[in-house]
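Observations on chain architecture
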Amino acid sequence: MKQKQQVILSIKRTLGTIDGQIINYLQTEPFDLGNLPEIVMLTLKEHWLPFTVSADSVDGEELRQKAIWSIKKFCCTSSFDS
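No experiment lies behind these values; they were computed from the predicted model shown.

What about helix α2 (residues 36–55)?
Spanning 20 residues, α2 covers 27 Å between terminal C-alpha atoms, matching the ideal 28 Å at 1.5 Å per step. Where α2 bends most, at Trp 48, the angle is about 60 degrees, and the proline Pro 50 comes one to four residues later. Phi turns positive, to about 65 degrees, at Ser 57, one or two residues after α2.

Okay, here's the thing in C-alpha cells:
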C-alpha cells in the first residue's frame, strides 16, 4: 500500500499577541470561510501561489493566470465594505 506524503504545519502564538489574536479570530470561522486550516491555506494560496509556480519553472500564460487568480482572490476577500 502506497503511503500518502503529508506536509504538517503547526503554529502556536501567545493569545496576548497580535498573531495570537488573529489565530483566535480565524478559529471562529469568520465569513463562512471554513475551518482554520482551510482559511490558512486559502490565505497562503492567495499570496504565495504565483511565487510557488514561478519557482517550479512555470512561466508565461500559466504564471500570468495564477497571478491574476491570486490578485482577484486577495482583492475580493480583502474589501469587506464593497
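Don't stop here, the text continues.
Topic: the pattern of salt bridges
Summed over all chains, the structure comprises 2 salt bridges. A salt bridge links Arg 13 to Asp 19; its shortest N-O distance comes to 3.4 Å. Owing to a relative accessible area of 38%, Asp 19 belongs among the partly exposed residues under this scheme. Between Arg 64 and Glu 61 there is a salt bridge, and its shortest N-O distance comes to 3.4 Å. Of this pair, Arg 64 and Glu 61 both sit in helix α3 (residues 60–78), 3 residues apart, which is roughly one turn of the helix. Since its relative accessible area comes to 45%, Glu 61 is described here as partly exposed.

Re the environment of Ser 70
Of note, Ser 70 is situated in helix α3. Along the backbone, Ser 70 and Ile 22 are 48 residues apart, and their C-alpha atoms lie at a distance of 21 Å. In contact with Ser 70, not counting residues within four places along its chain, are Lys 45, Glu 46, Leu 49 and Pro 50.

Side note on the layout of surface pockets
By volume, the largest pocket is sized at about 470 Å³. Listing elements by their share of the lining of the largest pocket, those giving two or more residues are α1 (18–26) and α2. For the lining of the largest pocket, the leading source of residues is α2, giving 6 residues. Across the lining of the largest pocket, the residue classes break down as 10 nonpolar, 3 polar and 2 charged.

Quick look at the confidence of the model for the protein
For the protein, mean pLDDT is 84; residues scoring 70 or higher make up 91% of the total. No element of the protein has a lower mean pLDDT than α3, at 79, and none a higher one than α1, at 95.

Rules and cut-offs
- Residues numbered from 1 in each chain as written.
- Predicted model: local features only at pLDDT ≥ 70, side-chain atom pairs only at ≥ 80, totals over all residues.
- Heavy atoms only, no water.
- Helix = DSSP H or I, 4+ residues; strand = E, 2+ residues; numbered from the N terminus.
- Expected span 1.5 Å × (residues − 1).
- Bend = angle between axes of the 7 residues up to and from the residue.
- Salt bridge = Lys/Arg side-chain N within 4 Å of Asp/Glu carboxyl O.
- Buried < 20%, exposed > 50% of the residue type's maximum accessible area, 1.4 Å probe, protein only.
- Contact = heavy atoms within 4.5 Å.
- 1 Å grid on protein atoms, 1.4 Å probe; cavity = no way out; pocket = protein on both sides within 12 Å on 5 of 7 lines; lining within 4 Å.
- Points joined across faces, edges and corners; volume = space filled by probe spheres on them.
- Nonpolar A, V, L, I, M, F, W, Y, C, P; charged D, E, K, R; others polar.
- pLDDT = per-residue confidence, 0-100.

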